[in-house]
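# Residue-level structural notes
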Amino acid sequence: MTTAVSVKNLTVSYDDFKALDDVGVDVTAGESFGLVGESGSGKSTLLRAVAGLAPVTEGTIRVENWQLRGARRDKAFYRSVQMVFQDPYGSLHPRQTVDRQLLEPLAIHGVGDGERRILKALDEVGLGSGFRFRYPHQLSGGQRQRIAIARALILEPSILLLDEPTSALDASVQAEVLNLLEQVRRDRKLTFIMVSHDLGVVTHMCDRLAVMQNGRVVERLSSADLVAGRIGEDYTRNLMVASKGFRRG
Amino acid sequence: MSALLTVEDLRVRFPTRTGVVEAVRGVSFTLGRERLGIVGESGSGKSQTGRAIMGLTPSHAEVTAKTLSFGGIDLISAPPKVRRDLRGKRIAMILQDPKYSLNPVMSIGRQIVETLRRHENVSRSEARGRALDMLAAVQIRDPARVFDLYPHEVSGGMGQRAMIAMMLVAGPELLIADEPTSALDVTVQLEVLSILDKLVADRGMGLIFVSHDLRLVSSFCDRVLVMYAGKIVEEIAASDLASAKHPYTQGLLNCMPVIGADRHPLPVLDRKPEWAL
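Attention in this report is confined to the structure presented alongside it.

Parameters and conventions
- Residues numbered from 1 in each chain as written.
- Chains lettered and ligands numbered in written order.
- Predicted model: local features only at pLDDT ≥ 70, side-chain atom pairs only at ≥ 80, totals over all residues.
- Heavy atoms only, no water.
- Pairing = 2+ DSSP bridges.
- Helix = DSSP H or I, 4+ residues; strand = E, 2+ residues; numbered from the N terminus.
- Axes fitted to C-alpha atoms, helices over the stretch in contact; angles between N-to-C directions.
- Contact = heavy atoms within 4.5 Å.
- Expected span 1.5 Å × (residues − 1).
- Buried < 20%, exposed > 50% of the residue type's maximum accessible area, 1.4 Å probe, protein only.
- Parallel < 35°, antiparallel > 145°, perpendicular 65-115°, else oblique.
- Left-handed = near helix turned anticlockwise from the far one by under 90°.
- Nonpolar A, V, L, I, M, F, W, Y, C, P; charged D, E, K, R; others polar.

## Remarks on the sheet that holds strand S2 (residues 17-28) of chain A
Residue and element names in this part refer to chain A. Pairing is antiparallel in the open sheet, where 4 strands are placed in the order S2-S1-S4-S5. Each having just a single partner strand, S2 and strand S5 (66-68) make up the two edges of the open sheet. Taken pair by pair, the neighbouring strands of this sheet meet at an average axis angle of 5°, ignoring direction. When strand S1 (residues 3-14) meets strand S4 (residues 56-63), the two strands line up antiparallel, connected through 6 bridges. Of the residues in S4, the one forming a bridge with Lys8 is Thr60. Helix-sheet contacts for helix H1 (residues 43-51) involve S1, S2, S4 and S5, and the interaxial angle to S1 is about 110°.

## Quick word on helix H5 (residues 141-153) of chain A
All names here are of chain A. Over its 13 residues, H5 runs 18 Å from end to end, which matches the ideal 18 Å to within 8%, given 1.5 Å per residue. H5 sits mainly inside the fold: 11 of its 13 residues count as buried. Along H5, the residues classified as buried are Gly141, Gly142, Arg144, Gln145, Arg146, Ile147, Ala148, Ile149, Ala150, Ala152 and Leu153. Tucked into the core, H5 has its buried residues touching strand S6 (81-84), helix H3 (98-108), helix H4 (114-124), strand S7 (159-163) and helix H6 (171-188).

## Some points on the packing of helix H9 (residues 234-243) of chain A against helix H8 (residues 186-203) of chain B
Angle between the axes and distance between the axes are the two parameters that describe a pair of packed helices. Packing of H9(A) against H8(B) leaves a shortest axis separation of 8 Å and a crossing angle of 55°. With respect to H8(B), the element H9(A) is oriented oblique. Every pair of crossing elements has a handedness; the one defined by H9(A) and H8(B) is left-handed. Residues Leu239(A), Val241(A) and Ala242(A) of H9(A) form the contact with H8(B), whose participating residues are Val186(B), Thr187(B) and Leu190(B). The residue makeup of the contact of H9(A) with H8(B), split by class, is 5 nonpolar, 1 polar and no charged.

Scope: geometric values only; no functional claims are made or implied.
Quick look at the structure:
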């Protein structure tokens, strides 16, 4: 088993505030790994640090064969690692057609055969070629998130970073997007790192997960352990209770 | 039980360049002093139903109804002055995100006092006292400190509690809560819901709880209306949810990933065109 992403003693600071404090996780190639916690726990920051979008002050990140320091990433890195963001209303350019948005990563990386790749990417996320020349405002939230996933997949990466990919969507649309993500992971043997505050979503999608609180990992466990209630930390237990829903009394 | 609110054949239409969009298409229900949930996806008209009752529909939209009466007052024909006096005093509304719905340049305490003094003839010091009591009632530990804070200085959960305090300070008879906890963390959601639950029960208010989360609504309300494409497709007692008949309701119940249920792929909604008829 090879390690796809290995994070050691990672610290991310914004001035005096430590968003991540000595965090370590290891993600095996081909695995789906979950990060859960409440807002401000640092789960999104960890994902952004891997992508080079957060100021790393200490620690090391190794992704496949890259030994990364700071926020510098070369072009080849982004062919292997792509990210899908939370808000599909904010992550697509409002004045570019779907075609332009999908062409952009191809142009940056000098990949030819755009026509075929764009049609294939649209087909893969379950949108026909009829969506190719639409603008984001002509799409629903779920369709936009499919476009964002298509844009991430078009470079054929091996690792996908998912930052709350369904929390802005309706429950019924969430099911469709989660099914799509599982499908592409199976077809392409991708590695997923998925951030979510919803334990239901994480246990559905991921094999293992890390629970974060105040910038630290408080517990690492497998989804099976979580489901069976083999939980070590009170904080994780509280999250479990909260995810079961409202109880009177 | 006498009806607090009667809605019969409520319609909300938005004229647009490409034709009229009907957001709400003939919704009817009556509400006593009970907890009613309205559930549906985005665009099902659930929020517009709440807004029409509150009188917050945008002015270019058209609201019609055979009956829309609250405590004997016909809301459709009521002049703006009457609606203003109702709003905040007898009907109150909690909005989704405290970050956007509180006034950012006014301290929390002043916003609560403003609501109170708009509707009741009370002295400054009495209003302050009642605002502090209300902040304590929503379980804010140090009301005097929070009174002087601005919305950006408090967390989401605290902001939402402040909004609940603001809405309940004038003692409304009907509370409309439009996704009151969707913007909050799961751990904070339960706290806010239990505060809301207790206050609604203690004061004997009517509650309309609008949400997209069917499970949450059914655990909180007595009765649930399920909306699709501007219409009510099913009305069901919360306790009978497991025996829901409409395929849309069943679909909404089934599509959530549940801890411990190993279902790959998740069942998805197969939307039938005849549901929208």
